[in-house]
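Chain residues, written in single-letter form:
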Amino acid sequence: MNGPAPPPGRFVALDVARCLALLGMVATHVVAARDPDGSLSAAQWLAGGRASALFAVLAGVTIAVATGGPTPYAGRERAARCAGLAARALLVAGLGLLLGLPDSGLAVILTYYGVLFLLGLPFVGLRTPALLALAAAWAVVAPVLSHLVRPHLPARGFDSPQPTDVTEPGRLLAELLFTGYYPGLAWLALLLLGMAIGRADLTRRGVAVVLTVGGLTLAVGATLVSGALTARADVVEALLRGRWESTGPEVLDAVATGMSGTTPTGGAWQWLLVVAPHSGTPFDLAHTAGSAAAVIGVCLLVLAALPETAAVALRVVAGAGTMTLTLYALHILLRTEALWPPDEGAFHWHALVLLAIGAAYVAAGRRGPLERLVGRLSAAAADLVRTPAAPRPAGRE
């Protein structure tokens, strides 16, 4: 089977991981969180909290690869790459504000995503060991800092940030960093992990094995330790105090469908022991970080093991992963009443539309429209910083 070859330096495995993240987010948006019998649906159990975290980790991988991969660029070239990434971050954040206007009923991630890109830029000179240590420390420190700071911040005011919200910069910044659905302060831990992965040699099988085994160990370990701690009588009492009229297990089951980005503001410290999706606790960050690392590791192993013909086929089938910005924006629009009335049983149709568009673009050898626009503008920003006489290095992706 002949097909379009990926651009030089592009990791198809990362595109497959992006495709899985996109489908996971679509599933959590379209499929009911619970089955008719009250149990967690398969989509929520599998993708709840994990799909969006995978996007954040992959954002870190993108930053690291774009700034040199295993050997970070230095000097003017690093500054140029950072300028390009900053331009991309602002464009993505602006698009996120615009996508907050349609009544989709979804918490749009793109504005937070843009902020994450900006937060990651100061760390582009670090290599894998330092980034891993920083990610681990940040996963513990950031939730504690958030717990201390949030009671003193403006109350959360936006479902999804919109252009008019820039008139309240303090509230908007507080939401993007601390109180929102994807709070940048806590999620920086996920981005730093992704940067650590992107600084590794992703062509080595050993790296993929470490990501898979280490990621699964971290994800399962975080869940088991959290479960043991939240089963303690004193912890259950603290979680229930003044907020819930039910038993401890019922409370933990209630938040299993996801929280709103943080633990209850002003709640007991014991909430930091919970592993619920979108709770922003150390255990939630550890669990989702491990899950994301494992997915990336498995994708790397699978692509390395496939014969060339099968790899080309998979690249086309998972072509949606090459244009997730365009397809995520389309998905937001399709979730509006005017374009596609809500239907919790329509996941397969949503997925089919996105996969078909992605496959068509890859088969035609074309980039997504938003990816092309953002790529050109960010490249122009980088070229403004680069020495005019110096040739532009081949990009890595």
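So, here's what we can say about the structure.

Definitions and cut-offs
Residues numbered from 1 in each chain as written. Predicted model: local features only at pLDDT ≥ 70, side-chain atom pairs only at ≥ 80, totals over all residues. Heavy atoms only, no water. Helix = DSSP H or I, 4+ residues; strand = E, 2+ residues; numbered from the N terminus. Buried < 20%, exposed > 50% of the residue type's maximum accessible area, 1.4 Å probe, protein only. Contact = heavy atoms within 4.5 Å. Areas by Shrake-Rupley, 256 points an atom, 1.4 Å probe, with all protein chains shown as cover. Phe/Tyr/Trp six-rings, centres within 6.5 Å; stacked < 30°, edge-to-face > 60°. Lys NZ or Arg CZ within 6 Å of the ring centre and 35° of its normal. Salt bridge = Lys/Arg side-chain N within 4 Å of Asp/Glu carboxyl O. Polar contact = N/O pair within 3.5 Å; in protein donor to acceptor, adjacent residues only side chain to side chain. Axes fitted to C-alpha atoms, helices over the stretch in contact; angles between N-to-C directions. Parallel < 35°, antiparallel > 145°, perpendicular 65-115°, else oblique. Left-handed = near helix turned anticlockwise from the far one by under 90°.

**Regarding the overall build of the protein**
At step 1: Check the secondary structure of the protein and you find 16 helices and zero strands.
At step 2: Classification of the 397 residues of the protein by burial places 52% in the buried group.
At step 3: Long-range contacts, defined as pairs at least 24 residues apart, comprise 75% of the intrachain contacts of the protein with a sequence gap of at least 6.
At step 4: Entry remark: accessible area of the protein is about 17,300 Å², with carbon and sulfur atoms responsible for 67%.

**A look at helix α14 (residues 324-334)**
At step 1: Within α14, nine of the 11 residues are buried, which leaves the element mostly enclosed by the surrounding structure.
At step 2: Considered for burial, the residues of α14 that qualify are Thr-324, Leu-325, Thr-326, Leu-327, Tyr-328, Ala-329, His-331, Ile-332 and Leu-334.
At step 3: Of the surrounding secondary structure, the elements contacted by the buried residues of α14 are α1 (12-30), α3 (50-66), α4 (75-99), α5 (110-120), α15 (347-363) and α16 (369-385).

**Some details on unusual backbone geometry**
At step 1: Not every positive phi belongs to a glycine, and His-278 is a case in point at roughly 55°.
At step 2: Tracing the sequence through the fold places His-278 in the loop between α11 (248-254) and α12 (282-305).
At step 3: We classify His-278 as buried; its relative accessible area is 11%.

**Focus on the packing of aromatic side chains**
At step 1: Using the criterion set out here, one finds four aromatic pairs in the structure.
At step 2: For the ring pair Tyr-113 and Phe-117, a centre distance of 5.4 Å and an interplane angle of 65° mean the geometry is edge-to-face. With a gap of four residues between them, Tyr-113 and Phe-117 both fall in helix α5, about one helical turn apart.
At step 3: Judged by relative accessible area, which is 3%, Phe-117 ranks as buried.
At step 4: Both rings, one in Tyr-182 and one in Trp-187, keep their centres 5.4 Å apart while their planes meet at 85°; by these two values the pair is edge-to-face. The exposure classification of Tyr-182 matches that of Trp-187, with both residues buried.
At step 5: Three or more aromatic residues joined by ring pairs make a cluster, and in this case those are Tyr-112, Tyr-181, Tyr-182 and Trp-187.
At step 6: Over the face of the ring belonging to Trp-45 we find Arg-50, whose NZ or CZ atom lies 5.8 Å from the ring centre.

**Side note on the pattern of salt bridges**
At step 1: Tallied over the full model, the rule gives six salt bridges.
At step 2: The partner of Arg-171 in a salt bridge is Glu-168, with the nearest N and O atoms 3.1 Å apart.
At step 3: Residue Arg-171 is classed as partly exposed on the basis of its relative accessible area of 26%.
At step 4: With its nearest N and O atoms 2.5 Å apart, the salt bridge here joins Asp-383 to Arg-386.
At step 5: According to the relative accessible area criterion, Arg-386 is buried, its value standing at 7%.

**Examining the side chain of Thr-128**
At step 1: Examined against the element boundaries, Thr-128 turns out to sit in helix α6 (residues 128-149).
At step 2: Of the polar contacts made by the side chain of Thr-128, one reaches the backbone nitrogen of Ala-200; its length is 3.5 Å.
At step 3: When residues no more than four places from it in sequence are discounted, the contact partners of Thr-128 are Ala-196, Arg-199 and Ala-200.

**Things to note about the side chain of Thr-324**
At step 1: Relative to the helices and strands, Thr-324 resides in helix α14.
At step 2: Setting aside its immediate chain neighbours within four residues, Thr-324 contacts Arg-18, Leu-22, Phe-55 and Glu-371.

**Observations regarding the packing of helix α8 (residues 184-198) against α12**
At step 1: In the contact formed by α8 and α12, the axes pass within 10 Å of each other and the chain directions differ by 25°. When the axes of α8 and α12 are compared, the pair comes out roughly parallel. Our pair here, α8 against α12, has a crossing hand that is right-handed. When α8 is examined against α12, the residues Ala-186, Ala-189, Leu-190, Leu-193 and Ile-197 are found in contact with a partner set consisting of Leu-285, Thr-288, Ala-289, Ala-293 and Ile-296.

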